[in-house]
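Coordinate analysis (summary)
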Amino acid sequence: MQPKEVTIAILDTTKPDVGARKGPSFTYPRWSLETKPYWDGCMRGELLYQRCADCREIVFHARALCPYCLSGNLDWLKSKGRGKIYSFTMQHIPLHRERPESRPRALGIVEVDEGFHMFTEIQVAERAELHVGQPVSVHFDKVAENLTLPKFRAE
Ligand SMILES: [Zn+2]
């Protein structure tokens, strides 16, 4: 039996290209039957959330059943898209080497006025411009042909 040639690759993690994938390799959210109305709303420029018709609790992210009472009787409502920064951090490494213009950016949790929190991107030029409690408003970023993401801007 012939020995097989084995190639061992040693990753040099000091180089920014190591581990990078070619092509459109962003990780995008996937749709499901429960979340499709939410993503369709984003495509129309609407930030949607759910409220349980039985126990009246606000439900976000989109789901099939109320997490408070397990009712499947959830209504879709439209947010005014305003809130305040609950928490944030700055990302200084670009998300993708093909989009270095995307840095730095703030990722954080926004407390939306209607009573839910959402993890999102908060667009800002410099860290010093952001603080917890700062008012923000939603805008929509079409990142792919069939995907629009809700992001926030400081007011
Ligand atoms: Zn409920």
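The structure this text deals with has already been given above.
Figured I'd write up the structure that's included with this text. (Residues numbered from 1 in each chain as written. Predicted model: local features only at pLDDT ≥ 70, side-chain atom pairs only at ≥ 80, totals over all residues.)

Next up on the list: the pairing of strand S7 (residues 135-144). Each regular strand displays side chains that alternate between the two surfaces of the sheet. Bridge count between strand S4 (residues 82-91) and S7: three bridges; the pairing is antiparallel. Each residue of the ladder has a partner; that of arginine 82, found in S7, is serine 137. Two strands pair when backbone bridges link them, and S7 and strand S8 (residues 147-154) are joined in this way by eight bridges, in the antiparallel orientation. Following the sheet pairing, alanine 144 is matched in S8 by leucine 147. Between S7 and S8, which follow one another and run antiparallel, lie two residues. (Pairing = 2+ DSSP bridges. Helix = DSSP H or I, 4+ residues; strand = E, 2+ residues; numbered from the N terminus.)

Read around the closed barrel, the five strands follow the order S4-S5-S6-S8-S7; overall the barrel is mixed. Neighbour to neighbour, the strand axes of the sheet diverge by 45 degrees on average, direction disregarded. Both strand S5 (residues 105-112) and strand S6 (residues 116-123) contribute to a ladder of seven bridges, which runs antiparallel. Its bridge partner being in S6, isoleucine 109 is matched across the sheet by phenylalanine 119. (Axes fitted to C-alpha atoms, helices over the stretch in contact; angles between N-to-C directions.)

Right, let's get into the pairing of strand S1 (residues 48-52). Burial analysis of S1 places four of its five residues in the buried class, which makes it a mostly covered element. For S1 and strand S3 (residues 74-78), the ladder comprises five bridges, and the chain directions are antiparallel. Within S3, the residue paired with cysteine 52 across the bridge is leucine 74. Two elements, S1 and strand S2 (residues 58-59), share two bridges in a ladder whose sense is antiparallel. Bridge pairing in S2 links glutamine 50 to valine 59. The antiparallel hairpin formed by S1 and S2 contains five residues in its connecting segment, where arginine 56 sits at a positive phi of about 70 degrees. (Buried ≥ 20, exposed ≤ 12 C-beta atoms within 10 Å, placed from the backbone.)

So far we have only geometry, and geometry alone does not tell us how the molecule works.
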